[in-house]
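Residue-level listing of the chains:
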Amino acid sequence: MALRDGTAAQALIDVRDVWKQYGPVAVLKGVSITLAPGQIHALLGGNGAGKSTLMKAIAGLVVPNSGSIAIAGTLLDRPSAARAQRLGLYLVPQEAHIFGSQSVLENICMGLDKPAARLRGRVEALVAQLAVSLDLDAQAATLEIADRQIVEILRGLIREARALILDEPTSALTPHEVEALFARMRALAASGVGIFFISHKLREIREICHDISVLRDGAIVLSGPMSAHTDAEIVTAMTRVAAPVAVDLSTAPAAAPAPGSERRLEVERLSGEGFSEVSFSLAAGEIVGLAGVVGAGRTELAETIFGLRPTLSGAVRLGGAPLENRSPSVCIDRGLVYLPEDRQQFGLFLDAPLDWNASAYLMHKMPFFLRPRDEARRFERFRSAMGIKCESHLQPARRLSGGNQQKVLLAKCLAADPQVLILDEPTRGVDVAARNDIYALIRSLAAQGVAILLISSDFDEIVQLSDRVLVMAFGALEGELPRGASVDAIGGLAFGAREAADA
Ligand SMILES: Nc1ncnc2c1ncn2[C@@H]1O[C@H](COP(=O)(O)OP(=O)(O)OP(=O)(O)O)[C@@H](O)[C@H]1O
């Protein structure tokens, strides 16, 4: 069907006055937005503002109550993902859908009517065009998060998508990988592909996007060229009111110990899958950053300390006593809590209510002492302190937006009243305002004596929060930097090792 006016005739995507309700709640309230060929268009908004719902509507995954969506001039009148894809739209989700037991090539070609082997030549050409190094015959389970995203992008391109939606593609990437992704996005845009780019990071948006639209409570409140708006204007449009000051959520007594030299966690020559001979310690009240590029072994180290992966050799001590036969429940009992990077696999019970999720670690510690009213009260405290957007504490976690799920996961860890906290990408998917609340929360926990290991791909976050920074590369500790170390110094250590090895 022809579009209605001259401008829109150029549009790859033309959304007009779209409304979406879940029960009585309107999540999209008359949204109109367009995407032109070669345009990189940022979509920004607080957690729960409606970004993913809008993008899912464009991708045929959510059916709007009213309004119209056209892709490449054709109305998406019977929405389905298959139809949106046939019209040239591909959505790269926040969490890539990878079938681990299949090869990379099979993953890219999944769902197409030709066998993967016959598409190999075309996939190889796309891989070369994007200048990525990807072993098409490797088992997909071995792929890093960054490469999983590339697989998703290739899935779109092999389907000849002219419009891509990238939903927070950089949230688990280090600066180096972000640059590589941006180079690929620029190449795609230069070839006429249009891209909707969802991100919570203004700096990245400024670097890569031509235009911006800001969603607040289901409505577009600001839209136009990137250069026409200052950061302050954008943040104000997004939040409308200043973010609340963080509330102290700790259940520890008010007169908690000041940061000291008491060693809470000692890791001694620990070796496991993907890392070896790692030694470090955390003192009470200390925030230690752990930086590195994807594949450096940071998550593997954290998962091994927490008993999710086998230990090959070495020791872990907690409060001076050996922490042997580690499993998550043993660690939680002893006061060591881990916020996982992979919230889908190890995080929330998506069909359980929010208050149950927030109390899940406590339930394990003292199953007989929990009462529904206590759970609800506990959840309410976290809800107001972190601005968790939900209808009620009884809502299943599945119905929350991604950023709000991340906040509930953090609440679950904090509710367990840890002595040592390992945070793996704690602000992944969290909006700008809530990010500052979470930083204040982390600092307040440290001020009360909790020892914190902060793993983050966002080096700015590491610099902002850490008392010192450990840098890992290739499964080993590459070095340590003092408080105030620059992002460049961290990057130098993390990437220097990789470049030296590549040379
Ligand atoms: N299936 C559903 N049932 C009920 N409510 C839902 C459902 N899916 C989403 N919502 C609600 O719709 C609102 C918008 O969610 P959406 O995922 O679009 O937000 P978002 O802007 O993408 O947030 P984030 O930045 O956290 O990813 C949220 O309040 C969420 O709780």
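Residues numbered from 1 in each chain as written. Predicted model: local features only at pLDDT ≥ 70, side-chain atom pairs only at ≥ 80, totals over all residues. Heavy atoms only, no water.

As recorded by an unreviewed UniProt entry, the protein chain carries the name Autoinducer 2 import ATP-binding protein LsrA and is attributed to Arsenicitalea aurantiaca. UniProt, in the comment section headed Subcellular location (unreviewed entry), describes the protein chain in these words: "Cell inner membrane". One UniProt comment on the protein chain, placed under Function (unreviewed entry), says "Part of the ABC transporter complex LsrABCD involved in autoinducer 2 (AI-2) import. Responsible for energy coupling to the transport system." (UniProt positions renumbered as here; feature names shortened; annotations may be inferred.)

### With respect to the confidence of the model for the protein chain
Confidence in the prediction for the protein chain averages 85 pLDDT; 90% of positions are at 70 or higher. Note that pLDDT drops below 50 for residues 1–9; the model gives that stretch 16 contacts with residues more than four away or on any other chain. Segment residues 242–260: pLDDT under 50, and 32 contacts once partners within four positions in sequence are set aside and those in other chains are kept. (pLDDT = per-residue confidence, 0-100. Contact = heavy atoms within 4.5 Å.)

### A closer look at helix H6 (residues 145–158)
Its 14 residues place the ends of H6 20 Å apart at the C-alpha level, agreeing with the 20 Å of an ideal helix rising 1.5 Å per residue. Most of H6 sits out of view: eleven of its 14 residues are buried. By the burial criterion, the buried members of H6 are Ala146, Gln149, Ile150, Val151, Glu152, Ile153, Leu154, Arg155, Gly156, Leu157 and Ile158. Looking at the packing, one finds that the buried side of H6 touches strand E6 (89–92), helix H4 (104–109), helix H5 (116–130), strand E7 (163–167) and helix H7 (175–190). The positive-phi residue at the C-terminal boundary of H6 is Glu160, with phi of around 60 degrees. (Helix = DSSP H or I, 4+ residues; strand = E, 2+ residues; numbered from the N terminus. Expected span 1.5 Å × (residues − 1). Buried < 20%, exposed > 50% of the residue type's maximum accessible area, 1.4 Å probe, protein only.)

### Some details on the site of the ligand
Within the structure, the ligand sits among 18 residues, and Lys51, Ser52, Thr53, Ser401 and Gly403 are positioned closest to it. Between the ligand and the protein, one listed contact pairs an oxygen atom with a side-chain N or O atom of His200 at 3.2 Å. The contact in question runs from an oxygen atom of the ligand to an N or O atom on the backbone of Arg399, over 2.8 Å. Isolated, the ligand exposes 640 Å² of accessible area, and the fraction of that covered by the protein chains is 87%. Sorting the residues of the shell around the ligand by element identifies helix H2 (51–58) and helix H16 (402–415) as the ones contributing at least two each. (Near = heavy atom within 4 Å. Polar contact = N/O pair within 3.5 Å; in protein donor to acceptor, adjacent residues only side chain to side chain. Areas by Shrake-Rupley, 256 points an atom, 1.4 Å probe, with all protein chains shown as cover.)

### Details of the side chain of Arg378
For Arg378, the position within the fold is in helix H15 (residues 372–386). Side chain to side chain, Arg378 and Ser359 meet in a polar contact 2.7 Å long.

### Here's the deal with the sheet that holds strand E14 (residues 311–318)
Here four strands make up an open sheet; going across it, the order is E12-E11-E14-E15 and the pairing antiparallel. Strands with a single pairing partner mark the edges of an open sheet, and in this sheet they are strand E12 (275–283) and strand E15 (321–322). One ladder, built from two bridges, connects E14 with E15; its direction is antiparallel. In the sheet register, Arg317 faces E15, and the bridge partner there is Pro322. (Pairing = 2+ DSSP bridges.)

### Points about empty space enclosed by the protein
Scanning the model with the defined rule gives four cavities of 30 Å³ or more in all. Quantified by volume, the largest cavity comes out at close to 130 Å³. Ser171, Lys201, Thr427, Arg428 and Arg435 are the residues nearest the centre of the largest cavity, which is lined by 16 residues in total. Taken together, the residues that form the lining of the largest cavity break down as one nonpolar, eight polar and seven charged. Summarising the domain contributions, the lining of the largest cavity has at least three residues from each of domain 1 (6–239) and domain 2 (264–347 + 417–502). (1 Å grid on protein atoms, 1.4 Å probe; cavity = no way out; pocket = protein on both sides within 12 Å on 5 of 7 lines; lining within 4 Å. Points joined across faces, edges and corners; volume = space filled by probe spheres on them. Nonpolar A, V, L, I, M, F, W, Y, C, P; charged D, E, K, R; others polar. Domains from an automatic or database assignment.)

### Looking at the packing of aromatic side chains
Per the stated rule, a full pass over the model turns up three aromatic pairs. Relative to Phe197, the ring of Phe182 lies with its centre 5.9 Å away and its plane at 75 degrees, an arrangement referred to as edge-to-face. Taken together, the residues span a long stretch of sequence, with Phe182 in helix H7 and Phe197 in strand E8 (residues 194–198) at a distance of 15 residues. The exposure classification of Phe182 matches that of Phe197, with both residues buried. Relative to Trp356, the ring of Phe349 has its centre 5.2 Å away and its plane inclined at 80 degrees; by these criteria the two rings are edge-to-face. Here the basic side chain of Arg381 rests over the ring of Phe382, its NZ or CZ set 5.8 Å away from the ring centre. (Phe/Tyr/Trp six-rings, centres within 6.5 Å; stacked < 30°, edge-to-face > 60°. Lys NZ or Arg CZ within 6 Å of the ring centre and 35° of its normal.)

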